[in-house]
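Listed here are the chains, written in short residue letters.
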Amino acid sequence: MIELMLLFVLLLLTALARYIVFDAFEPLMFAMIFLLPVASLVIFLISKRLADNERSFQPKDIDEWSFYNAQKSLLIKKPLFKGKEKRGYVKRYFPHKWEYALSDIFGFSWYLCLENSN
């Protein structure tokens, strides 16, 4: 989502510079730039649904420690189970904001800190 919003700002500034420097304005190009926030909203809603699935996770036929970690963009508390018994919550966190931004922009989980709370 952050990538799309950054791309939106960059393209909007580019369209504005093109209009100021070359006095060229294309309504279709300008309208297409505004599809990026719409796509970002759709991705956010899908992520929210995945987060709800994570919060309602119940392990089946697992006797060891488990938690559901499908989506990583929203930093939510996820239930932690030992077998079928809920033992607390696991939450991913970043000590510094730049680590969260870098992880979200590059799209891989190079940095992982988990906090356990009851």
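Report follows, based on the coordinates.

Conventions used here
Residues numbered from 1 in each chain as written. Predicted model: local features only at pLDDT ≥ 70, side-chain atom pairs only at ≥ 80, totals over all residues. Heavy atoms only, no water. Helix = DSSP H or I, 4+ residues; strand = E, 2+ residues; numbered from the N terminus. Buried < 20%, exposed > 50% of the residue type's maximum accessible area, 1.4 Å probe, protein only. Contact = heavy atoms within 4.5 Å. Areas by Shrake-Rupley, 256 points an atom, 1.4 Å probe, with all protein chains shown as cover. Arc of directions from axis to C-beta. Phe/Tyr/Trp six-rings, centres within 6.5 Å; stacked < 30°, edge-to-face > 60°. Lys NZ or Arg CZ within 6 Å of the ring centre and 35° of its normal.

1. Thoughts on the overall build of the protein chain
In step 1: A tally of helices and strands in the protein chain yields 4 helices and 4 strands.
In step 2: Overall, the protein chain shows an N-to-C arrangement of helices and strands of α-α-α-β-β-β-α-β.
In step 3: Within the protein chain, the fraction of its 118 residues that count as buried is 25%.
In step 4: Counting contacts in the protein chain only where the partners sit at least 6 residues apart, residues at least 24 apart contribute 35% of the total.
In step 5: Split by element, the accessible area of the protein chain, about 8500 Å² in all, is 66% carbon and sulfur.

2. Brief notes about the environment of Ile62
In step 1: Secondary-structure assignment places Ile62 in the loop between helix 3 (35–55) and strand 1 (65–66).
In step 2: Measuring from C-alpha to C-alpha, the distance between Ile62 and Lys84 comes to 7.5 Å, with 22 residues separating the pair along the chain.
In step 3: Ile62 has contacts with Gly83 and Lys84, leaving out every residue within four places of it along the chain.

3. Re helix 4 (residues 97–106)
In step 1: Buried residues of helix 4: Glu99, Ser103 and Asp104, and no others. For helix 4, the angular spread of buried residues about the axis comes to 125°, placing them on one side. Exposed side chains of helix 4 directed beyond 90 degrees from the buried face belong to Lys97, Trp98 and Phe106.

4. Examining the packing of aromatic side chains
In step 1: Within this structure, the stated rule accounts for 5 aromatic pairs.
In step 2: Plain terms: the ring middles of Phe57 and Phe81 are 5.9 Å apart, the flat faces sit at 70° to each other, and that makes the pair edge-to-face. Residue Phe57 is found in the loop between helix 3 and strand 1, and its partner Phe81 is found in strand 2 (residues 77–82); the two are separated by 24 residues along the sequence. Each member of the pair, Phe57 together with Phe81, is buried.
In step 3: Taking the ring centre of Tyr89 as reference, the NZ or CZ of Lys77 above it sits at 5.9 Å.

Any link to function would need more than the numbers given here.
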